[in-house]
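Spelled out, the chains give:
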Amino acid sequence: MRLLLLIPLAGLAMAMTPPAAAQTRATIVVAADGTGDHTTVQAAVDAVPSGNARPVTILVRKGTYKQQVVIPADKPNISLVGDTRDPREVVLTFDASASTPKPDGSGAYGTSGSASYVISAPDFTARNLTFENSYDEAAKGNSQAVAVRTTGDRQVYENVRFIGNQDTLYANTPSAATAARQYFRDCHVEGDVDFIFGRATAVFDNCVIKALNRGSADNNGYVTAASTELSNPYGFLIYRSHLTSNAPARTYHLGRPWPAGGSATARGQVLVRESWLGQQFKDAPWTDMSGLNWREARLSEYRNHGPGATVNENRPQLAPEQADAFTPQRYLAGTDGWNPVPRRPYPHPGHGLGREVLPRNDGWAAATTGTTGGSAARPENVHVVSTRAQLRAALGDPADNTPKIIYVKGAIDADTDDSGAPLTCADYAVNGYSLPAYLAAYDPAVWGRTSVPSGPLEDARRASYNKMAAHVTMRIGSNVTLVGVGRDAALKSFGLRINNADNVIVRNLTITDTSDCFPQWDPTDGAEGNWNASFDNVEVSGSTHVWLDHNTLNDGDNPDSGQPLYFGRPYQVHDGLLDVVRGANYVTLSWNHLSGHDKVTLIGNTDNPTRYAEADKLKVTLHHNYFEGLGQRTPRVRFGQVHVYNNYYTGGATHGYSIGVGFGSKVYAESNAFEGIAAAKVLSVFGGTAITAKDNLVDGAPADLVAAYNEANGTALGTDAAWTPALVGKVHPARALKALVPAGAGAGRRL
């Protein structure tokens, strides 16, 4: 009789477990300081057995890890994850270029060999990391230097940064005869020459793709160099992304087709779809490469927007009926139906007011592509500021139009230095300027009234103004959301300038007392002369898709009424509260509270129709704004199709008129309520010929504003502005506005 060998249960379990699985851990920790399982990423990868069948997470703690790493094709199901939501805190780097000699003396690395990371494993995920090639191109010369070379199928990269210069991201396949699908979501890729290149099927979904400035006035580089084989209908899809740059306008190409390895069957396929394109792109953005004519490749666009987007014969467009065949899902489906694209929009970290976008149909700023501001900002481009220096740093170079969210916490005073010490007008004065000396020099009894001031003191005034302007003016670039935190966020003495930008949101801020220490005396301005200041609280100039919502704008504790008289005229230190000028277009102003000011809002600043080509611009919507005790220009309009509805107006001692019908204007004013303002004083005409005005109330009673104006002035202002607004949010009856708007308009109200 044989004796049965009794095995302990624990031993039996081990005996029944396959050896590979016994060595596989669910999480492997990498920490440079030795507190994890390994100190290098490669060691953690080596610890994953070949043929791994279970999900394994390699968790990388904060730090910079310099090493070339290979994740081979026989190690699937790995997730490489940084241990924070900020990918800048986990940096995986190396610094080889194609021309760098190998340490073993066997020659140069070459393009493929320069990769900091080679990721060939299928079913691989990377999250919350930075992949970098830190080769110093500026110091050592231009050369290919790959951050990541991918060849695996069904790979996902989310909240990942790819940093380099030439050839940053090599999205490739194992061979020309095989396919590999790679999905990049909420990523950041930057470089200069061909910095997204290769043979893979790759989708870039809601990514920031930043083209770096190499200092050229003509050609700074190429975003893509796809080498898609003709047998593959899908190469690169850049989808609902932001293609940004600090390079000069029209110095970048979207791409060129790369016949990889001299392939006779490579015809790169790239579609840039529904994306924001910065100023850097040439009007003819595709070009040839290595003897392959770009027109023989498959390079196209579809419904892009931004200053670098246009349609012409050199920019092939996907036909609308083709759009359903070129979605992220169709690119990635392959033969197995793989679909890593979330059914709902991917939730950004830190959802909140800064991530909100203009609602659909909410006025002119919702036209065409809508207004999303900095909602696509990655974590490293979300800032909280509480000083002037922090605000300036967060805004950065306006030409660098990377999506940003800037939260303003508390009150920030522009009249402070970088240490926070207060500044006065005397701190800005240069070249011997003083107000008493200026008054003495240009007193009409001395200077006269027939010419504007000139000479050394006027030059000193202008130089002093320029010094102040450089300090207090804040320029907001494209793709920015500037938003106040809570009820007390304020910008005092700043001049906000949204100049030649696109896609900007400013919300929940008190913007107050933008005063000019150096107004100019002009004795020829009117019968008695006038003092003219040059700062607006907010100026929207030459910009498109701008939404200003729930802001409070006023002169704070420095009202015009408190200014002295010089030469018998008010010493005016304020200009406009909120101007929309110089061909700006697609602007919505909603739920703002404007008070205690004279000249409020200009829409269009010249009667010359050719100067800014404004005949089909200046499309602005004003709704649910509270215009309290203002003097004039609420608004004054030239040219624009301006929709004014559901605003609440109150009069005051300084009221002159509310809506100015200027040259070429097409104002459509409906369902507004005016209190303490005579019906005949609602309108004033400055060369305009017609306005549509309907369903408005004056002191609670229906009023025909055009008839009242015509009767009082003996004129024949027309009643048809010749257009009807189509982009309209919720319209409230005018009788409800007295209670609704003051309670809801302004910073900190009902957001």
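Just above sits the structure.
Parameters at a glance
Residues numbered from 1 in each chain as written. Predicted model: local features only at pLDDT ≥ 70, side-chain atom pairs only at ≥ 80, totals over all residues. Heavy atoms only, no water. 1 Å grid on protein atoms, 1.4 Å probe; cavity = no way out; pocket = protein on both sides within 12 Å on 5 of 7 lines; lining within 4 Å. Points joined across faces, edges and corners; volume = space filled by probe spheres on them. Nonpolar A, V, L, I, M, F, W, Y, C, P; charged D, E, K, R; others polar. Phe/Tyr/Trp six-rings, centres within 6.5 Å; stacked < 30°, edge-to-face > 60°. Helix = DSSP H or I, 4+ residues; strand = E, 2+ residues; numbered from the N terminus. Buried < 20%, exposed > 50% of the residue type's maximum accessible area, 1.4 Å probe, protein only. Lys NZ or Arg CZ within 6 Å of the ring centre and 35° of its normal. Arc of directions from axis to C-beta. Contact = heavy atoms within 4.5 Å. Salt bridge = Lys/Arg side-chain N within 4 Å of Asp/Glu carboxyl O. Polar contact = N/O pair within 3.5 Å; in protein donor to acceptor, adjacent residues only side chain to side chain.

(A) Summary view of empty space enclosed by the protein. Enumeration according to the criterion identifies three cavities of 30 Å³ or more in this entry. There is about 40 Å³ of room inside the second largest cavity. Every residue lining the second largest cavity is listed: Phe627, Leu630, Gly631, Gln632, Thr634, Tyr649, Thr650, His655, Tyr657, Ser658 and Ile677. Residues of the lining of the second largest cavity, tallied by class, amount to five nonpolar, six polar and no charged.

(B) Looking closely at the packing of aromatic side chains. Under the definition given, this model contains 34 aromatic pairs. Between Phe162 and Phe184, the aromatic rings sit 5.6 Å apart at their centres with planes inclined by 70°, giving edge-to-face as the arrangement. Residue Phe162 is found in strand β10 (residues 155–163), and its partner Phe184 is found in strand β12 (residues 181–185); the two are separated by 22 residues along the sequence. Grouping residues by exposure puts Phe162 and Phe184 together as buried. In textbook terms, an aromatic cluster arises when at least three aromatic residues are bridged by ring pairs, as seen for Tyr433, Tyr438, Tyr442, Trp447, Phe518, Trp521, Trp531, Tyr566, Phe567 and Tyr571. Over the aromatic face of Tyr222 sits the side chain of Arg256, whose NZ or CZ is 3.8 Å from the ring centroid. When the ring centre of Trp364 is taken as origin, the NZ or CZ atom of Lys619, which lies over that ring, is 5.8 Å away.

(C) Representation of helix α13 (residues 737–744). Turning to α13, its buried residues number three or more, namely Leu737, Leu740, Val741 and Gly744. Taken end-on, α13 shows its buried residues confined to a sector of 85°, consistent with a single buried face. Opposite its buried face, α13 presents the exposed residues Lys738 and Ala739, each directed more than 90 degrees away. On the buried face of α13, the contacting elements are β43 (626–628), β46 (648–650) and β49 (673–675). Immediately downstream of α13, the backbone of Gly746 shows phi near 105°, a positive value.

(D) Just the pattern of salt bridges, in detail. Applying the stated rule across the entire model yields 29 salt bridges. With a closest N to O distance of 2.7 Å, Asp123 and Arg154 form a salt bridge. Of this pair, Asp123 sits in the loop between β7 (117–119) and β8 (125–133) while Arg154 sits in the loop between β9 (148–150) and β10, placing them 31 residues apart in sequence. It is possible to trace a salt-bridge network through shared partners that takes in Asp123, Asp153, Arg154, Arg181 and Asp336.

(E) Focus on the side chain of Thr130. Here Thr130 is to be found in strand β8. At 2.8 Å, the side chain of Thr130 and the backbone oxygen of Pro87 are in polar contact. Once residues within four sequence positions are removed from consideration, Thr130 is found in contact with Pro87, Arg88, Val90, Val91, Leu92, Arg161 and Ile163.

Purely geometric numbers; function is a separate question.
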